[in-house]
Amino acid sequence: QLQFVESGGGLVQPGGSLRLSCVVSGLSLDSYAIAWFRQAPGKAREGVSCVSPGDYTIYTDSVEGRFTISRDIGKNTVYLQMNNLEPDDTGVYYCAARSLACSLYESAFSRWGQGTQVTVAS
């Protein structure tokens, strides 16, 4: 019953923008924090951003000022607007959920989507 459907990934040149969407089914955004993680080949999964039920947001330092996380409660959807993309932003982006409070630690999350590929290259 619990589902995370990520979309919006693709190939973009450095400096470009993408908007990722995570449609969540089976839980309420009123009770769960939703985070975006990413993973490049050979690298550990990295927490990118998180938004809480109270709309508190956090970002990893490397995306601060470039990425924006937001929620549409009625659509049960979380977005990640990514601007000024860099090659190091390349990876598979996943959304994940945990109860109430935000975190960027992978171990804090037990519910994950399948991911969407983002490639930033010339």
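Placed above this text is the structure.
Since we're looking at a predicted model, the values are computed, not measured.

Rules of the game
Residues numbered from 1 in each chain as written. Predicted model: local features only at pLDDT ≥ 70, side-chain atom pairs only at ≥ 80, totals over all residues. Heavy atoms only, no water. Helix = DSSP H or I, 4+ residues; strand = E, 2+ residues; numbered from the N terminus. Buried < 20%, exposed > 50% of the residue type's maximum accessible area, 1.4 Å probe, protein only. Contact = heavy atoms within 4.5 Å. Core = buried A, V, L, I, M, F, W, Y, C linked by side-chain atoms within 4.5 Å. Disulfide = S-S within 2.5 Å. Pairing = 2+ DSSP bridges. Axes fitted to C-alpha atoms, helices over the stretch in contact; angles between N-to-C directions.

Residue position: D89 is located in the loop between β8 (77–82) and β9 (91–99). Among the residues examined, D89 registers a relative accessible area of 1% and is labelled buried. Beyond its immediate sequence surroundings of up to four residues, D89 is in contact with R38, V63, R66, F67, N84, V118 and V120.

This part takes up the nonpolar core. Judged by nonpolar contacts, the single largest core of 26 residues is most densely connected at I34, W36, F67, L80, M82 and Y93. With 4 residues, strand β3 (residues 18–25) is the single largest residue contributor to this core. Those residues in contact with M82 that lie beyond four places of it in its chain are G16, S17, L18, L20, R66, F67, Y93 and V118. Listed in part, the 8 residues of the second largest apolar core include F37, I58, C102 and F109.

Applying the stated criterion across every chain, the model contains 2 disulfides. A sulfur-sulfur separation of 2.0 Å characterises the disulfide bridge that pairs C22 with C95. Here C22 and C95 share a disulfide; its torsion about the S-S bond, 65°, makes the bridge right-handed. Here the residue C22 occupies a position in strand β3, and C95 occupies one in strand β9, the gap between them amounting to 73 residues. There is no split in this pair, since C22 and C95 are both buried. A sulfur-sulfur distance of 2.3 Å marks the disulfide that ties C50 to C102.

Let us now look at the sheet that holds strand β7 (residues 67–72). With respect to topology, 4 strands assemble into an open sheet ordered β1-β3-β8-β7, the strand pairing being antiparallel. Each edge of the open sheet carries a strand with a single partner, namely β1 (3–7) and β7. Going from strand to strand, the sheet's axes swing by 15° on average, the running direction of each strand aside. Strand direction decides the pairing type here: β1 and β3, joined by 5 bridges, are antiparallel. Bridge pairing in β3 links V5 to V23.

With that settled, the discussion passes to unusual backbone geometry. In the Ramachandran plot, D55 falls in the positive-phi region, its phi being about 65° despite a non-glycine side chain. Of note, N84 is a non-glycine position whose phi angle comes to about 50°, a positive value. Topologically, N84 is positioned in the loop between β8 and β9. Owing to a relative accessible area of 46%, N84 belongs among the partly exposed residues under this scheme.

It is worth stressing that arrangement in space is one thing and function is another; only the former is reported here.
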